[in-house]
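Examining the three-dimensional arrangement
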Amino acid sequence: QARTIAFIGLGIMGLPMAVNLAAAGHRVTGYDLSPQSAEKLAANGGRAAATIAEAVDGADTVITMVPDSPDVEAVLLGPDGVFANAAPGALVIDMSTIRPDVSRAVAAEGERQGFRVLDAPVSGGEAGAIEAKLSIMVGGDAEVFAAAEPVFGVLGTTPVHVGPSGAGQTVKAANQLIVAGNIQLVAEALVFLEAHEVDTEAGLKVLNGGLAGSTVLTRKGDAMRARDFEPGFRIALHDKDMKIVTTAAREAGVAIPLGALVAQFVGALKAQGHGGLDHSALLKIVLELSAT
Ligand code: NAD
């Protein structure tokens, strides 16, 4: 059944997701701080709105895909935002990666105002967004998840209800911990192989067929060999996520020593001015620390 969807935040992830929803037959109106991004949606099956109020007008479903916690607060809670302008009862799905506590707080406020709210961060990267193969980790009420499932089915292959409000963000924090550590070790292995003058194309291929294989190796191995750090997923965003997971781990009394170390490396890259590079640029840190 066709829905009327407002899509707020049309960046690397949001634009292809919105385009996929339009291609599936939904009426999709997009808004982004950058009008050019909304125009790209308009050129690909959707419509462009000049304000959030215009985007959510008549929408039964609102999806947000913006960078960070303050952006979600601004988009949902602000005077010109979603809750102030959308029809009460609308399904509001935040698919950004943000702090679990902020996610719970905005959901509580939305529910107080009569909206049905889910946190539904994703994994799978730009390729997963374009190919509609995202893994979607959803927090909120089970009935609301059921109501949103057809939308998730258009965007990804693995929508899973993981618990109450905020639980999706907690699972996503764990995801970011694993991905950062995986990239770091792939980078170390690659620099190690290069230093030993091994054919790294052959080396990575056979590694990927065994227990060392990973989506990181499949997606990023060749780009890392070529030192191509075009994003993808920007270091600045992964820095945000490592702060989320280190804080949430400390709050729960959980030690994440390796994750905390990689968080330092991600933070150092950002401080060096590399926030706009792909997170596979962790390889630069390995090179700097090595004799190569
Ligand atoms: P991006 O920077 O490419 O896109 C974000 C978009 O949001 C931009 O177009 C920006 O103009 C817009 N925006 C910011 N504030 C806004 C506001 N107040 N109102 C309207 N639009 C606003 O980022 P991205 O890579 O698409 O990531 C978006 C979210 O998805 C982040 O939370 C990120 O952590 C998460 N994520 C990214 C990836 C990835 O591989 N890129 C993968 C999974 C999850």
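Residues numbered from 1 in each chain as written. Predicted model: local features only at pLDDT ≥ 70, side-chain atom pairs only at ≥ 80, totals over all residues.

**Re the overall build of the protein**
Across its full length, the protein carries 14 helices and nine strands. By the compact-globule yardstick of 19 Å for 292 residues, the protein fits well, its C-alpha radius of gyration being 20 Å. Projected onto its principal axes, the C-alpha positions of the protein cover 60 × 45 × 35 Å. When each of the 292 residues of the protein is scored for burial, the buried share is 48%. Within the protein, counting contacts between residues at least 6 apart in sequence, those at least 24 apart form 65% of the total. (Helix = DSSP H or I, 4+ residues; strand = E, 2+ residues; numbered from the N terminus. Rg over C-alpha atoms; globule rule 2.2 N^0.38 Å. Buried ≥ 20, exposed ≤ 12 C-beta atoms within 10 Å, placed from the backbone. Contact = placed C-beta atoms within 7 Å.)

**Details of the site of the ligand**
Residues in contact with the ligand amount to 27 residues; listed here are only the nearest, Gly 9, Gly 11, Ile 12, Met 13 and Phe 233. Elements represented by at least two residues in the shell around the ligand include exactly helix H4 (69-77), strand S7 (122-123) and helix H7 (125-130). Per-element accounting of the shell around the ligand gives the leading share, three residues, to H4. When its residues are assigned to classes, the shell around the ligand shows 14 nonpolar, ten polar and three charged. Taken domain by domain, the shell around the ligand gets at least three of its residues from each of domain 1 (4-164) and domain 2 (170-289). (Near = placed C-beta within 6 Å. Nonpolar A, V, L, I, M, F, W, Y, C, P; charged D, E, K, R; others polar. Domains from an automatic or database assignment.)

**Remarks on the packing of helix H12 (residues 235-251) against helix H13 (residues 257-274)**
Closest axis-to-axis distance for the H12/H13 pair is 9 Å, and the angle between their directions is 145°. H13 is crossed by H12, and the crossing has left-handed handedness. Across the interface between the two elements, Ile 235, Ala 236, His 238, Asp 239, Met 242, Val 245 and Thr 246 of H12 pack against Gly 259, Ala 260, Ala 263, Val 266, Gly 267, Leu 269, Lys 270 and His 274 of H13. Broken down by class, the residue content of the contact of H12 with H13 amounts to eight nonpolar, five polar and two charged. (Axes fitted to C-alpha atoms, helices over the stretch in contact; angles between N-to-C directions. Left-handed = near helix turned anticlockwise from the far one by under 90°.)

**A short note on the packing of helix H10 (residues 200-208) against helix H11 (residues 215-225)**
Close contact between H10 and H11 brings their axes to 11 Å; oriented N to C, the two are set at 165°. Judged by the angle between their axes, H10 and H11 are roughly antiparallel. Regarding H10 and H11, the two cross each other, and that crossing is right-handed. Together, Thr 200, Glu 201, Leu 204, Leu 207 and Asn 208 of H10 and Leu 217, Thr 218, Gly 221 and Arg 225 of H11 make up the contact between the two elements. Residue composition of the contact of H10 with H11, by class: three nonpolar, four polar and two charged. (Parallel < 35°, antiparallel > 145°, perpendicular 65-115°, else oblique.)

**A short note on the domain arrangement of the protein**
When its domains are assigned, the protein resolves into domain 1 (4-164) and domain 2 (170-289). Computed from C-alpha coordinates alone, the two centres of domain 1 and domain 2 are separated by 27 Å. Contact residues are listed per partner, giving 13 residues for domain 1 and 13 residues for domain 2. It is H7 that contributes the most residues to the side of domain 1 that touches domain 2, three residues altogether.

**A short note on the environment of Gly 46**
By the secondary structure assignment, Gly 46 is in the loop between helix H2 (35-42) and strand S3 (47-48). Measuring from C-alpha to C-alpha, the distance between Gly 46 and Ala 18 comes to 7.7 Å, with 28 residues separating the pair along the chain. Discounting chain neighbours no more than four positions away, the residues touching Gly 46 are Ala 18, Val 19, Ala 22, Val 28, Thr 29, Gly 30 and Leu 41.

**Concerning the pairing of strand S8 (residues 134-139)**
For S8, the buried fraction is high: five of the six residues fall into the buried class. Sheet topology note: the S7/S8 ladder contains two bridges and is antiparallel. By the bridge assignment, Ser 123 is partnered in S8 with Ser 135. Where S8 lies against strand S9 (residues 156-163), six bridges are found, and the strand directions are parallel. Looking at the pairing, Ile 136 lines up with Pro 159 of S9. (Pairing = 2+ DSSP bridges.)

**Some points on helix H1 (residues 14-23)**
Three- or four-residue spacings in an α-helix give side chains the same orientation, since the helix completes a turn every 3.6 residues. Most of H1 is tucked away: nine of the ten residues are buried. Of all the residues in H1, the buried ones are Gly 14, Leu 15, Pro 16, Met 17, Ala 18, Val 19, Asn 20, Leu 21 and Ala 22. Elements that come into contact with the buried residues of H1 comprise strand S1 (4-8), strand S2 (27-31), H2, H7 and helix H8 (142-155). Taken from the residues just after H1, Gly 25 is the one with a positive phi, measuring 105°.

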